Amino acid sequence: MRNRNLLNKKLDQLETTLITLQQIVNRQSPIESYKANIVKAQGLVEDVRDMVEREPLSPTELNKV
């Protein structure tokens, strides 16, 4: 995978966002804060999916298609 470091960075950001969401729930913070972090997490998931799609398929993946 060419962009392994970038992908790991995005996964770290997603993990941090999920931890933040857990803290928001534990503190009973305003719903707006929770919703904003959900949108952020969804954006990170989309970024990771896009990165995976841009990667070339390996020979074993090509044979499955």
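Residues numbered from 1 in each chain as written. Predicted model: local features only at pLDDT ≥ 70, side-chain atom pairs only at ≥ 80, totals over all residues. Heavy atoms only, no water.

Asker: Explanation requested: the overall build of the protein in the structure shown.
Answerer: Along the protein, the regular secondary structure elements total three helices and zero strands. The 65 residues of the protein split such that 18% are buried. In the protein, of all internal contacts separated by at least 6 residues, the share reaching a separation of at least 24 is 65%. (Helix = DSSP H or I, 4+ residues; strand = E, 2+ residues; numbered from the N terminus. Buried < 20%, exposed > 50% of the residue type's maximum accessible area, 1.4 Å probe, protein only. Contact = heavy atoms within 4.5 Å.)

Asker: Teacher, can you tell me more about the side chain of Thr-17 here?
Answerer: Within the secondary structure layout, Thr-17 lies in helix H1 (residues 4-27). Using a relative accessible area of 1% as the deciding quantity, one classes Thr-17 as buried. Aside from chain neighbours lying at most four places away, what touches Thr-17 is Asn-37, Lys-40, Ala-41 and Leu-44.

Asker: How should the environment of Ser-33 be read in this particular structure?
Answerer: Tracing the backbone shows Ser-33 in helix H2 (residues 31-54). Judged by its relative accessible area of 28%, Ser-33 falls in the partly exposed class. The spatial distance from the C-alpha of Ser-33 to the C-alpha of Leu-21 is 8.6 Å, given a sequence separation of twelve residues.

Asker: Sorry if this is basic, but what is going on with unusual backbone geometry here?
Answerer: One can expect most non-glycine residues to show negative phi and most peptide bonds to be in trans. Not every positive phi belongs to a glycine, and Gln-28 is a case in point at roughly 55°. Exposure remark for Gln-28: the relative accessible area of 73% places this residue in the exposed category.

Asker: Sorry, what's going on with the side chain of Lys-10 here?
Answerer: Along the chain, Lys-10 turns up in helix H1. A polar contact of 3.2 Å, which involves the side chain of Lys-10, links it to the side chain of Asp-47. Once residues within four sequence positions are removed from consideration, Lys-10 is found in contact with Leu-44, Asp-47, Val-48 and Met-51. (Polar contact = N/O pair within 3.5 Å; in protein donor to acceptor, adjacent residues only side chain to side chain.)

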